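# Tertiary structure, described
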Amino acid sequence: QVQLVESGGGLVQGGGSLRLSCAASGNFFLLNTMAWYRQSLGQQRELVATITRNGNTDYVASVKGRFTISRDNAKNTMSLQMNTLKPEDTAVYYCHADLLGTDFKVRNYWGQGTQVTVSS
């Protein structure tokens, strides 16, 4: 059983910072591309940032220059450093991972989500 567990959400004032973390556990061979998504009330889930296994990153335009995605392949973890937060960043943030199982099949998994609230 594979699990992705997020942590680090919370309430912060506009202009502040938060760091989200995602830890993968369970029985798998390796993690491929990982990503952070977010979903605001009444909105569709939005891709925020991605990182490949070799560290290539990509961001949605609205967070470029403010958010930084990173990962530690040895620890099977991923992080999202969020700086200069704005009220419009308020959302539930989800960790996502494509991984190679021990049966060498690729599957994707979601974390349970962590709430980020930015006050104005």
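In what follows, the structure referred to is the one given above.
Described below are features of the structure shown in this document. (Residues numbered from 1 in each chain as written. Predicted model: local features only at pLDDT ≥ 70, side-chain atom pairs only at ≥ 80, totals over all residues. Heavy atoms only, no water.)

### Regarding the environment of S119
Counting through the fold element by element, S119 comes out in strand 11 (residues 114–119). Taking the C-alpha atoms as reference points, S119 and G9, 110 residues apart in sequence, are found 13 Å from one another. Those residues in contact with S119 that sit more than four places away from it in its chain are L11, V12, Q13, G14 and P87. (Helix = DSSP H or I, 4+ residues; strand = E, 2+ residues; numbered from the N terminus. Contact = heavy atoms within 4.5 Å.)

### A few points about the pairing of strand 9 (residues 91–100)
In terms of burial, strand 9 is largely enclosed, as eight of its 10 residues are buried. When strand 4 (residues 30–39) meets strand 9, the two strands line up antiparallel, connected through eight bridges. Note that in strand 9 the partner of R38 across the bridge is Y93. Here strand 9 runs beside strand 11; their pairing, made up of three bridges, is antiparallel. Its bridge partner being in strand 11, Y93 is matched across the sheet by T114. (Buried < 20%, exposed > 50% of the residue type's maximum accessible area, 1.4 Å probe, protein only. Pairing = 2+ DSSP bridges.)

### Some details on unusual backbone geometry
Even without being glycine, T84 reaches a positive phi, approximately 50°. Take T84: it is sitting in the loop between strand 8 (77–82) and strand 9. Note on T84: relative accessible area 46%, which makes it partly exposed. Even without being a glycine, F104 presents a positive backbone phi close to 65°. Relative to the helices and strands, F104 is located in the loop between strand 9 and strand 10 (106–110). On the accessibility criterion, F104 (56% relative accessible area) is exposed.

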